[in-house]
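Spelled out from the first residue to the last, the chains are:
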Amino acid sequence: MSSKPDRTEPITVAAVDAAGLQDEALAALAGASTLAELTELRTRYLGRRSELKQALREVRDRETGMTLNAVRERLEQAFAERETQLEREQLEERLTADGFDVTLPGEELRIGTLHPTTQIRRIVEDAFLGLGYEIRDDREVETVEYNFDKLAFAPTHPTRSPRDTLFLDENTLLRTETSPSQIHQLEEHEPPVYMVSIGRVYRRDDIDATHYPIFHQFEGLAVDRGITLADLKGTLLRVARVLFGDDRRVRFRTHFFPFTEPSIEPDVSCGICGGAGCRTCKFTGWTEFGGAGMVDPAVFENVGLDPEKWTGFAFGCGLERGAQLRFNIAEVRPLWSPDLRVLRQF
Ligand code: DAH
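Keep in mind it's a predicted model, so treat the numbers as computed, not measured.

Basis of the calculations
- Residues numbered from 1 in each chain as written.
- Predicted model: local features only at pLDDT ≥ 70, side-chain atom pairs only at ≥ 80, totals over all residues.
- Heavy atoms only, no water.
- Helix = DSSP H or I, 4+ residues; strand = E, 2+ residues; numbered from the N terminus.
- Rg over C-alpha atoms; globule rule 2.2 N^0.38 Å.
- Contact = heavy atoms within 4.5 Å.
- Areas by Shrake-Rupley, 256 points an atom, 1.4 Å probe, with all protein chains shown as cover.
- Lys, Arg positive; Asp, Glu negative; His and termini not counted.
- Charge placed at Lys NZ, Arg CZ, Asp CG, Glu CD.
- Pairing = 2+ DSSP bridges.
- Axes fitted to C-alpha atoms, helices over the stretch in contact; angles between N-to-C directions.
- Domains from an automatic or database assignment.
- Salt bridge = Lys/Arg side-chain N within 4 Å of Asp/Glu carboxyl O.
- Buried < 20%, exposed > 50% of the residue type's maximum accessible area, 1.4 Å probe, protein only.
- Near = heavy atom within 4 Å.
- Polar contact = N/O pair within 3.5 Å; in protein donor to acceptor, adjacent residues only side chain to side chain.
- Expected span 1.5 Å × (residues − 1).
- Arc of directions from axis to C-beta.
- Phe/Tyr/Trp six-rings, centres within 6.5 Å; stacked < 30°, edge-to-face > 60°.

**A word on the overall build of the protein chain**
When its secondary structure is counted, the protein chain shows 11 helices and 11 strands. In terms of overall size, the protein chain is more extended than a compact globule, its C-alpha atoms giving a radius of gyration of 43 Å where 346 residues would be expected to give roughly 20 Å. Considering only C-alpha atoms, the protein chain reaches an extent of 140 × 45 × 35 Å along its principal axes. Looking at the protein chain alone, contacts between residues at least 24 apart form 66% of all its contacts between residues at least 6 apart. Put simply, the protein chain shows about 19,800 Å² of open surface, and 50% of that area lies on carbon and sulfur atoms. Across the protein chain, the centroid of the 43 positively charged side chains sits 5 Å from that of the 58 negatively charged ones.

In structure tokens, the structure reads:
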């Protein structure tokens, strides 16, 4: 070492092995496993009092300055990279430990829809409330008297058999139709009466494409003076229009029910084949939508009303059938299935 330093060869530079320093710092960096260790190393290698910074302060020639600056830049970049890496690792660890990753997309919220049967129920309620009817609800456990006797079912009528009807005991059963509501209504209220009763009914049917042992009906009853079959047809037509739209055809067939005389059955043109005939409408182009008729004088007598004074009509239709007809659902089973693929479409 000369006593008089040469201006072109500053002593400080000789004291710093830039490449060696860089290697050392990078090796230390690679070994750092926590952010705290990293901070410590950053102070040691890049801090104000680090060898590198001191050398940079004292550097005199351009070339050495450039070399040292390159090392500084390289180290700063390496520290930043390692920091990002360690932060990510730490986050990862925390997320695994917490078991909750806030960066994942949220769970999709499925907006449900009302069951088709419920939709029909509400449309029917609205339609009849609009016509001035009252809505009632009756019990599902009925007596033989109200389910059959007062509705003028003959003692030998096959529906009275336990093969068709679910009995709880000899006199008690699960109602097979909503028609007992007619009797309850007329026993509780003096006519004029305009009511619709909606609810579940039960039959001992095997499950197939068109049958299910539980289903829903809406039962209508209008009792007043001078009511005619034309009023009944007009009312049913109106309900069919509200439920199925204007482009569906409606027809009435004659039929028999113990509690109406005459009796009719409304059919609605099949919406699946447009009336051409398909499996669902059993190749007729029509689907039966319920039963109806003029209240039988025997029913009036059974509730203590004078059939000479009062006239009325009644009807009963299935809500599931209504849903099938409105939404063109080929079978009744999906309406009761826990597999929601069909139901989700409506
Ligand atoms: N109760 C009948 C059924 O379940 C439907 C019915 C027919 C209801 C005629 C009525 C009626 O009120 O008048 O098949």
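On we go from here.
**Observations concerning the sheet that holds strand β4 (residues 172–174)**
Taken together, 3 strands build an open sheet; the order of strands is β2-β4-β3 and the sheet is antiparallel. Both outer strands of the open sheet, β2 (141–143) and β3 (167–169), are each paired with one neighbouring strand and no more. Mean inter-strand twist for the sheet, computed between neighbouring axes without regard to direction, equals 35 degrees. Relative to β4, β2 runs antiparallel, the two being bridged by 3 bridges. Looking across to β4, one finds that V141 is bridged to L174.

**A closer look at the domain arrangement of the protein chain**
Each domain of the protein chain was delimited in the assignment, giving domain 1 (18–98) and domain 2 (116–343). Relative to domain 2, the C-alpha centre of domain 1 lies at a distance of 84 Å.

**Here we look at the pattern of salt bridges**
The tally for this structure, following the rule as stated, stands at 14 salt bridges. Measuring nitrogen to oxygen at the nearest pair gives 3.3 Å for the salt bridge that ties E142 to R139. Given the relative accessible area of 1%, E142 is considered buried. On the basis of relative accessible area, R139 is assigned to the partly exposed category, the value being 44%. A single salt-bridge network, built from bridges that share partners, covers R251, R253, E265 and D267.

**So, the site of the ligand**
E177, Q182, R203, Q217 and E219 are the nearest of the 15 residues found near the ligand. Within the side chain of Q217, one N or O atom sits 2.9 Å away from an oxygen atom of the ligand. With respect to the ligand, the backbone of A314 contributes an N or O atom lying 3.2 Å from an oxygen atom. Protein burial of the ligand: of its 360 Å² of free accessible surface, 90% is covered by the chains.

**Brief notes about helix α9 (residues 229–244)**
Helix length check: α9, at 16 residues, gives a terminal C-alpha distance of 22 Å against a target of 22 Å (1.5 Å per residue), a fit within 8%. Burial in α9 covers these residues: L232, T235, L236, V239, A240, L243 and F244. Buried residues along α9 cover an arc of 135 degrees about the axis, so they all sit on one side. For α9, the side-chain oxygen to backbone nitrogen distance between the N-cap and A230 is 3.2 Å, and the N-cap itself is T228. Note on α9: the residue one or two positions beyond its end, G245, has a positive phi of about 95 degrees.

**A few points about the pairing of strand β10 (residues 291–295)**
Across the 5 residues of β10, 5 count as buried, placing the element largely inside the fold. With 3 bridges joining them, strand β8 (residues 260–269) and β10 adopt antiparallel strand pairing. Bridging across to β10, T260 finds its partner in V295. Note that β10 and strand β11 (residues 311–318) share 4 bridges and pair antiparallel. What sits directly across from M294, in β11, is F313.

**Examining the packing of aromatic side chains**
Inspection of the entire model under this criterion finds 13 aromatic pairs. Arranged with centres 5.6 Å apart and planes meeting at 75 degrees, the rings of Y133 and Y194 form a pair that is edge-to-face. Linking Y133 in the loop between α6 (116–130) and β1 (134–136) with Y194 in strand β5 (residues 193–202), this pair joins segments that are 61 residues apart in sequence. Exposure remark for Y133: the relative accessible area of 6% places this residue in the buried category. Relative to F289, the ring of F244 lies with its centre 5.1 Å away and its plane at 85 degrees, an arrangement referred to as edge-to-face. With F244 in helix α9 and F289 in the loop between β9 (286–288) and β10, this pair connects stretches of sequence that are 45 residues apart. Of the two residues, F244 and F289, both sit in the buried class.

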